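Below, each chain spelled out in residue letters.
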Amino acid sequence: MKALRDAAAVLRAACRSFAGALGAVIVLLVMVAALFAPWVATHDPDALDILNRFAGPSAAHWLGTDHLGRDLYSRLVHGASVAMAVALSAIAIALVTGTTLGLLAAWLPPRGEAAVLILFDIVAAFPSLVLALAIVAVFGPSTLVVVVIVGLTLTPHFGRVARAQALALRSAPFLEAERILGASLGRILLRHVLPNILGPLIVLASMDIPVVIAIEAGLSFLGLGVRPPLASWGVLIQDGYQYLSDSWIPVLVSAGALAVATLGFTLFGEALRDAVDPRLGRDR
Amino acid sequence: MGAGGARYLAGRLLTSLLIVFGAMLLLFALSALVPGDPAATLLGPQATPEFAARFVREMGLDRPLHERLWLFLSNVLTGNLGVDVLSGRPVAGLVLSVLPSTVILTFSAIGLAVLAGVPLGIFAATHRGSVADNVLAILSVAFIAVPSFVVAILLLLVFSLWLDWLPVLGGGDASDPIDQAKRLILPALALALGWIGFIARLVRSSMLEVMAEPYIRTARAYGLPERIVTYKYALKNACIPTLAILGLGIGRLLGGAVLVEIVFARPGLGRLIYDAISVRNFPVVQGSVLVVVVLFVVVNLLVDLSYAAIDPRLRDQGRGGAAR
Amino acid sequence: MTTAIDRRRLLAGTAAFGLASGAGIDAARAQSAPRQNIAVRVERDPEVIDPGFRTGPHDGNIIRVVYQRLIKHRANSGETELDAAAEVTQVSPTLIEFRLKPGQMFTDGFGEMTAEDVKFSFERVGLEPAAGARPSPYRADWTGLERVEVTGQYTGRIVLSRPNAGLFGIALADVSGCIVSKRAVESRGVEHNIRPVGSGPYQLASLERQRGAVLRANPTYTGTRPAFAEVAVRFIPDHRATELALRAGELDFAILPPNVAEPLRNAQGLTVSERPGLQYIWLGMNMEKPPLNDIRVRQAIRLGLDVDQMLLAGYNGRAPRLNALIPAPIPGHWPDAPVYRRNVAEARRLLAEAGARNLRLKLLVLNQPAFQNMALVARALLQEIGVTVEVDARDGGGFWSAGRGDAGRDIEMYMTVFNGKLDPNFLMQWFVSSQIGAWNWQRFADPEFDRLFEQAAAELDPARRVQLAIEAQRLMDRSAAFVWLTNNVSFVAHRSWLRPASVPGWLDWQYDGFTAA
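A brief report on the enclosed structure follows.

**Considering the overall build of chain A**
Each helix and strand in chain A was counted, giving 11 helices and zero strands. Ordering the α and β elements of chain A from the N terminus gives α-α-α-α-α-α-α-α-α-α-α. Its C-alpha atoms give chain A principal-axis dimensions of roughly 75 × 45 × 30 Å. Just so you have it, chain A exposes about 11500 Å², and 70% of that area is on carbon and sulfur atoms. The positive charge centre, built from 19 side chains, and the negative charge centre, built from 18, are 11 Å apart in chain A.

**Topic: the packing of helix 5 (residues 91–126) of chain B against helix 8 (residues 177–211) of chain B**
How two helices sit against one another is set out by the angle between their axes and by the gap between those axes. Residue and element names in this part refer to chain B. The interhelical angle for the contact between helix 5 and helix 8, taken along N-to-C directions, is 35°, at an axis separation of 5 Å. Relative to helix 8, the crossing made by helix 5 is right-handed. Residue composition of the contact of helix 5 with helix 8, by class: 26 nonpolar, three polar and one charged.

**What about the interface of chain A and chain B?**
Listed by partner, the interface residues are 41 residues for chain A and 45 residues for chain B. Summed over both sides, the interface between chain A and chain B buries roughly 4100 Å², with carbon and sulfur atoms accounting for 78% of that surface. For A:Glu270, the salt bridge is made with B:Arg201, and the minimal N-O distance between the two is 2.4 Å. At the surface where chain A touches chain B, the tally comes to two residue pairs in polar contact (both at pLDDT 80 or more). For the side of chain A that touches chain B, the secondary-structure elements that each account for two or more residues are helix 2 (18–35), helix 5 (110–125), helix 6 (128–139), helix 7 (143–170), helix 9 (185–221), helix 10 (233–242) and helix 11 (249–276) of chain A. Counted by class, the side of chain A that touches chain B contains 30 nonpolar, four polar and seven charged residues.

**Considerations on the interface of chain B and chain C**
If you look at the interface, chain B gives 49 residues, while chain C gives 46 residues. For the pair chain B and chain C, the two sides together bury roughly 3800 Å², of which 57% comes from carbon and sulfur. Here chain B is connected to chain C by three salt bridges. One salt bridge in this structure joins C:Asp395 and B:Arg280, with 3.2 Å as the shortest N-O distance. Joining chain B to chain C, the criterion identifies three residue pairs in polar contact (both at pLDDT 80 or more). At the level of elements, helix 2 (38–43), helix 3 (49–58), helix 5, helix 7 (148–162), helix 8, helix 10 (226–263) and helix 11 (269–279) of chain B are the ones that each hand at least two residues to the side of chain B that touches chain C. Residue composition of the side of chain B that touches chain C, by class: 24 nonpolar, 14 polar and 11 charged.

**Quick word on the side chain of B:Thr15**
Residues and elements named next belong to chain B. Topologically, threonine 15 is positioned in helix 1 (residues 3–33). A relative accessible area of 10% means that threonine 15 is categorised as buried. Within the structure, threonine 15 has its side chain in polar contact with the backbone oxygen of glycine 11 (distance 2.5 Å).

**Details of the packing of aromatic side chains**
In total, this model carries 33 aromatic pairs over all chains according to the counting rule given. Centre to centre, the rings of C:Phe253 and C:Trp506 are 6.2 Å apart; their planes meet at 40°, and the pair counts as tilted. Placement of C:Phe253 in strand 12 (residues 253–256) and of C:Trp506 in the loop between strand 20 (498–499) and strand 21 (515–516) is noted, with a sequence separation of 253 residues between them. Here C:Phe253 matches C:Trp506 in class, with each residue buried. On the basis of an interplanar angle of 80° and a centroid distance of 6.2 Å, the ring pair of C:Trp509 and C:Tyr511 is categorised as edge-to-face. Here C:Trp509 matches C:Tyr511 in class, with each residue buried. A cation over an aromatic ring shows up here: C:Arg240 above the ring of A:Tyr241, its NZ or CZ 6.0 Å from the ring centre.

**Some points on the pattern of salt bridges**
In a structure, side chains of opposite charge can pair up when their charged atoms sit close to one another. Residues and elements named next belong to chain C. According to the stated counting rule, one finds 59 salt bridges over all chains in the structure shown. Here aspartate 252 ties to arginine 35 by a salt bridge, and the two come within 2.4 Å at their closest N and O atoms. Taken as a pair, aspartate 252 in the loop between helix 6 (239–247) and strand 12 and arginine 35 in the loop between helix 1 (12–32) and strand 2 (37–42) lie far apart in primary sequence, 217 residues in all. We classify aspartate 252 as buried; its relative accessible area is 0%.

**Observations regarding a nonpolar patch on the surface**
Residues and elements named next belong to chain A. Residues Leu28, Val32, Leu35, Phe36 and Trp39 make up a contiguous nonpolar surface patch of about 590 Å² in total accessible area. Ranked by residues supplied to the nonpolar patch, first place goes to helix 2 with three residues. Position of leucine 35 among the secondary structure elements: in helix 2.

**Focus: the nonpolar core**
Across soluble globular proteins, you tend to see nonpolar side chains buried next to one another. Counting residues in hydrophobic clusters, the biggest one holds 196 residues, and the most contacted among them are A:Val193, A:Trp233, C:Leu70 and C:Ile158. Apart from the residues lying within four places of it in its own chain, the contact partners of C:Leu70 are C:Leu82, C:Asp83, C:Ala84, C:Ala85, C:Val88, C:Phe98, C:Leu100, C:Phe122, C:Ile158, C:Leu172, C:Gly177 and C:Ile179. Core analysis: the second largest hydrophobic core is formed by 106 residues, A:Leu68, C:Val389, C:Leu427 and C:Trp430 among them.

**Here we look at helix 2 (residues 57–66) of chain C**
Residue and element names in this part refer to chain C. Burial runs high along helix 2: nine of the 10 residues are buried. Regarding helix 2, the residues found buried are His58, Asp59, Gly60, Asn61, Ile62, Ile63, Arg64, Val65 and Val66. Turning to helix 2, the residues buried within the fold contact strand 2, strand 9 (202–208), strand 10 (212–217) and strand 11 (230–235).

**Section: the sheet that holds strand 18 (residues 482–486) of chain C**
Residue and element names in this part refer to chain C. The strand order across the open sheet formed by five strands is 16-15-17-14-18, and the pairing between neighbours is mixed. The two strands at the open ends of the sheet, each matched to only one other strand, are strand 16 (387–394) and strand 18. In this sheet, neighbouring strand axes are inclined to one another by 25° on average, regardless of whether the strands run parallel or antiparallel. Bridge count between strand 14 (residues 279–285) and strand 17 (residues 413–419): seven bridges; the pairing is antiparallel. Within strand 17, the position partnered with tryptophan 282 by the bridge is threonine 416.

**A closer look at the pairing of strand 7 (residues 145–150) of chain C**
All names here are of chain C. Sheet analysis places strand 7 next to strand 8 (residues 155–160), joined by five bridges and oriented antiparallel. Across the sheet, residue arginine 147 finds its bridge partner in strand 8, namely valine 159. Hairpin remark: strand 7 followed by strand 8, antiparallel, with four residues in the connecting loop.

About the thresholds
Residues numbered from 1 in each chain as written. Chains lettered and ligands numbered in written order. Predicted model: local features only at pLDDT ≥ 70, side-chain atom pairs only at ≥ 80, totals over all residues. Heavy atoms only, no water. Helix = DSSP H or I, 4+ residues; strand = E, 2+ residues; numbered from the N terminus. Areas by Shrake-Rupley, 256 points an atom, 1.4 Å probe, with all protein chains shown as cover. Lys, Arg positive; Asp, Glu negative; His and termini not counted. Charge placed at Lys NZ, Arg CZ, Asp CG, Glu CD. Axes fitted to C-alpha atoms, helices over the stretch in contact; angles between N-to-C directions. Left-handed = near helix turned anticlockwise from the far one by under 90°. Nonpolar A, V, L, I, M, F, W, Y, C, P; charged D, E, K, R; others polar. Contact = heavy atoms within 4.5 Å. Buried area = accessible area lost by both parts, 1.4 Å probe. Salt bridge = Lys/Arg side-chain N within 4 Å of Asp/Glu carboxyl O. Polar contact = N/O pair within 3.5 Å; in protein donor to acceptor, adjacent residues only side chain to side chain. Buried < 20%, exposed > 50% of the residue type's maximum accessible area, 1.4 Å probe, protein only. Phe/Tyr/Trp six-rings, centres within 6.5 Å; stacked < 30°, edge-to-face > 60°. Lys NZ or Arg CZ within 6 Å of the ring centre and 35° of its normal. Patch = residues over 30% accessible without salt bridge, like charges linked within 9 Å, V, L, I, M, F, W, Y side chains within 5 Å. Core = buried A, V, L, I, M, F, W, Y, C linked by side-chain atoms within 4.5 Å. Pairing = 2+ DSSP bridges.

Okay, structure coming up:
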């Protein structure tokens, strides 16, 4: 109950600034579109109507149709679900692996800690797009592959923050007391350390959502991301770009949606961070 | 720098070497896993089975794994990045021929980002709370949030097509620096935009933080002109985090350069890697990714070292420098 | 046949005529040529300028102007004329004699072209290489070559082990028949790939990775001087970027897909024309893999698809429909091939008869817009006959190796594109049973087809050969493993003052035939 009340307070604080409120509104819109896509959309996003391609905006098709006669508005709405699904699952992977490795690093002897940190450095030094290209070449393009790639590339990010937060906690008196009382390491980490560092990590996660959305769009733009017929914003931009001379609406609308969504998530994530801990993850 | 400095230096060098080594292992693992062969990919049905087998032999793909790993590592150690299976020429020469164009793009983008981002950040910090500060704040976020390939497409459309101001594509005539410079503007801008917003925000927040420090207040109390306080003390200290970010930025820009190079049809390392992976030209992939990783590590090492030189306290915090 | 040359005897007279008419064009051009140099766009990075080891048609187009051949195609024509040879005579179905023109010099001081160079050039592509040397992937172009004999400084004989009707068009007049300098290849080694030595109308002035090539007129070339002193061959992989460059005046010539090219029709100073292609694009089904091993299932899918709708999605409806393997410009075209119209009821009936219910099939395609769009339409169409299609779009590396060896057994349906030449056997060669596990991804095995293929390869009577090719296509049609889609369409976009040149089909461009209007 207290946690909920805390969260509500943080949210209220985050929305106090204009930027935070703007971000929150955009995030809410994207979330609604993503969660209730089948109801918010007016058409089946994959239904082809090849004879009615490049139709302009009308009462039937609010934003017109694309090069295969699919309803653009419905595809944009479903694109939000794809973006959110990819972003949330990729971040979940990064959060879990990163936190585990980060906690491990904080409690391991110096040599083990150095090994984990170097692992983080290797992943960070390896150009992520190259990693993505290679992994896609092995497994073929699919949504799952995108999720795993993005999750892996973000792991060091969470790992470092988790480690830093845990290090600060390690010598905290209440943990010292637990240890003297004979609590196992697992219990200490799960029951006491994790809950205390989770807040900052979740804020970090919210700030990484736009990053993931952008990476997914980039990969899909290169034809290496989610598979057709799935409507991802990157796929929509690529399709629109290919048929730019037939109609400029698709590329403008989908690039706009992507830009607005990433902007909204960034604004909201930052307001959230400022409300929780202004110094957190500032240097990225 | 005393003994502590030397130990710090040695430690950083060792980590850098380990990172490069780890990246090499990763690279090797990837090329061992990826299916497909360049003969079939490039020649389609014209690739005869004998020819495909020949490619496989030349890339050493028919040998046992440990032998291939050893060959790859020992070749790299002697400076041999392998041979491009298609043209039969050394990969090193190939990488060197396209590297300048990516390096120029990356550094112009970073330069642009600093030139535009630092003044904007200072302005915002010195006009804290004003309308301009608020507008800049949202604008900076917008710059950061919009992916560079979207910016690239929009720039291409607006400036080259609708306004017809700038030549659009490719790297330009190699013998004509002005032509090359013109063709650099849009890609560099597309790549830099996000970092402009980023640096502006960073400079702003670092400066505000520094200006609240006691010694700045002391300086003011002694009646130092506000301009000197701002530029001499506050800005100097605000540069430190900016520097660290630049190291990361250069590394990340190389990744971002791939998409921008593709949209603007520019030659470069990003494109080379993208094309080489899509045709499964493994020696080229390995050689050029290795160069990218080494570049990234070296730049970060330099940044870390200069960071430590500016602020010796950081050495004691271990690897604080490039930590994200 | 379109290539209606007199195979028995090609004499220097044609070349003399060529020279005379060339001089006339020269004079006319001096008044109107707006430029001495042009820039053309290629989709792939030129890499290997050596005839035996080219990496595709984009390399081949450069190679055909850097080197000479015994005979070559006339500008914008499927007919051939003499090039380096003063005379080529087919003495018997398995013996061809040639005599070179004297005084044809290789660049970079590698001396005069001799019959020894011809022997070296043909045998390094067409024969098993010496131990340790790379085999050429284009050996099939020289099928039947036994040896080349040198009978004098300028004369020699090409000896075949069996007749090969395609030899003139596929080998002698094309890239695999280009004549290299033996001394230059041996002394330069792999460097020859990027610093080639030829005797053709152009010299390679520069070749830069990721940028392209620059061709400069070869001052020592003995034939008709090309119209442009310099041709910049620029590598631009993206179609959209190419369109912008054409509009911006940075390019003079490019071939584009319909959706990108059509709006260029309205651009000032640009001309866009549609030319039927020589590629062949189809949807294939693996005849070994259940449930596709049941012919009724394959027939149902063929009837469930609507080729015209697929072409509308893939090529803006501008690409001509193909109804059998061999497109119209190529000898062996089957004009009466059945044209399948969509028939949902019949397709459902066939599936029910085969006892196939709730089918789920994978459709493998390249991750290029045209293929992905066609695949999505196919998916929607087949949904209506009760077949669920999963589209598997892969990049080139993943796609082109999917049907090799045993991996090919798991393919279900796929869509692909192959490049054609003006020879029926060149197109048919990938569907014989020995190609299973290589390029015959349908795993179409018909001994009668194999026999017709062999027979057509050796048949020197054009009319008889056409009959054999049509008979072979009838067998392919009966298998129901192929749904022919299109032979593609090339939208040739260029400055209005430029007259580009190509062998029909617009795959094999003729840079030396480009002129100013």
